[in-house]
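Structure at a glance
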Amino acid sequence: MRKFILSAGMFGAVALASGAAYSQECFTGYGHHEGAPHHGKMAMHRGQGPMFFNPERMQKKLGLSDEQTDRIADINEKAHKDREAVMDKVRPAERALGKVLRSDSPDLAKAQPLVNELAGYRAQLQMIGIRHRIEVGKVLTDEQRRKLQDGGRTEKAKRKGN
C-alpha cells in the first residue's frame with residue numbers, strides 16, 4: 001500500500017512538472033536551444049522570459065520592429081511573474097504532500113486535498129502559458145506568425161532526425 005501511495009505521489013509530482021513545462025511551451029517548443037549556455041535550464045534573457053520568446057532572438061529571426069521587441073519583452077516579464085506567483089504556492093503544497101506520503105502510515109484523506117490543490121496550480125500554469133503564447137502572437141504580423149510556426153516545425157523535424 002505504501003508503495004502505491006508513494007507511486008501516486010510521484011505521478012502527481014511528474015504531472016505537475018509536466019504542466020509547468022507545458023505552460024512554458026510556445027511556438028518553437030520548449031526553451032532548450034543549441035548553443036545556449038544554460039546547461040539544461042530555461043534560459044532567461046534580460047529578465048524577460050524563456051529563451052523561446054527571447055525578444056532579441058525573435059527580432060533577428062522574424063524581423064521584429066523595436067516596438068514589437070519591447071512589447072514581447074513586457075509580455076514575457078508579466079508571464080514570468082505570473083508563473084513565479086503560482087510556483088510560490090506550489091512549493092509548499094508539494095512539501096506538505098511529500099510529508100504526508102513519507103509518514104509511516106500515509107493518509108489518503110490528507111493527501112487528496114493536496115493533490116487537488118496541486119492540480120489547480122497545474123491548470124493555472126497551463127493557462128498562464130496559453131495566455132502568454134496568445135499575447136505574443138497578437139504582437140506579430142501574419143507573416144511573422146507563419147515564420148515562427150514554420151520554424152517550429154523545422155526545429156521539431158531536426159530533433160526527430162527527419
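Use the structure listed above.
The residue numbering used here restarts from 1 in each chain and proceeds along that chain's sequence as written. Given that the model is predicted, a residue must reach a pLDDT of at least 70 before its local features are reported, and side-chain atom pairs must reach 80 or more before they are shown or counted; all residues, however, enter totals for whole chains, interfaces and linings. The basis for every side-chain value is the complete set of non-hydrogen atoms in the structure, without hydrogens or water.

**As for the overall build of the protein**
In plain terms, the rule: Secondary structure elements follow DSSP: runs of H or I no shorter than four residues count as helices, runs of E no shorter than two count as strands, and numbering proceeds from the N terminus. Note on contacts: a residue pair qualifies if any of its non-hydrogen atoms lie within 4.5 Å across the two residues. Accessible areas in this description were obtained via Shrake-Rupley with a 1.4 Å probe; residue shielding takes into account the shown protein chains only.
In terms of helices and strands, the protein carries 5 helices and 0 strands. Counting helices and strands in the order they occur from the N terminus, the protein gives α-α-α-α-α. Taking as baseline every contact in the protein between residues at least 6 positions apart, the subset at least 24 positions apart corresponds to 65%. Carbon and sulfur atoms form 56% of the exposed surface of the protein, whose accessible area is close to 9900 Å².

**Considerations on helix H4 (residues 108–139)**
Going by this rule: What a helix is expected to span follows from its residue count: subtract one and scale by 1.5 Å. By the criterion applied in these results, polar contacts are pairs of N or O atoms within 3.5 Å in which, for protein atoms, one can donate a hydrogen and the other can accept it, and in which residues neighboring in sequence qualify only through two side-chain atoms.
If you check H4, its first and last C-alpha atoms are 47 Å apart, about what 32 residues at 1.5 Å a residue would give, namely 46 Å. With a side-chain oxygen positioned 2.9 Å from the backbone nitrogen of alanine 109, the residue opening H4 is aspartate 107.

**Digging into a negative patch on the surface**
The following threshold applies: Each patch is assembled from residues with relative accessible area greater than 30% and no salt bridge, linking like charges that lie within 9 Å and nonpolar side chains (Val, Leu, Ile, Met, Phe, Trp, Tyr) that lie within 5 Å. Take a side-chain nitrogen of Lys or Arg and a carboxyl oxygen of Asp or Glu: if they are within 4 Å of each other, that pair is a salt bridge. Asp and Glu count as negative and Lys and Arg as positive, but His and the ends of the chain are not part of the count. Just so you know, the charge point we use is NZ for Lys, CZ for Arg, CG for Asp and CD for Glu.
A contiguous patch of negative charge, built from Asp66, Glu67, Asp70 and Asp74, is present on the exposed surface. Take aspartate 70: it is sitting in helix H3 (residues 66–102).

**Considerations on the pattern of salt bridges**
Pairs can form between side chains of opposite charge whenever their charged atoms are close. Stated precisely, the cut-off is as follows: Here's how the labels work: a residue is buried when its accessible area is under 20% of the maximum for its type, exposed when over 50%, partly exposed in between, all with a 1.4 Å probe on protein chains only.
For the structure shown, the criterion picks out 6 salt bridges. Among the salt bridges present, the one from aspartate 82 reaches lysine 78, with a minimum N-O distance of 2.8 Å. With a gap of 4 residues between them, aspartate 82 and lysine 78 both fall in helix H3, about one helical turn apart. Relative accessible area serves as the criterion here: at 23%, aspartate 82 is assigned to the partly exposed category.

**Topic: a nonpolar patch on the surface**
On the surface, Met127, Ile130 and Ile134 cluster together into a nonpolar patch covering about 250 Å² of accessible area. Secondary-structure assignment places methionine 127 in helix H4. We classify methionine 127 as partly exposed; its relative accessible area is 44%.

Distances and angles like these do not, on their own, reveal function.
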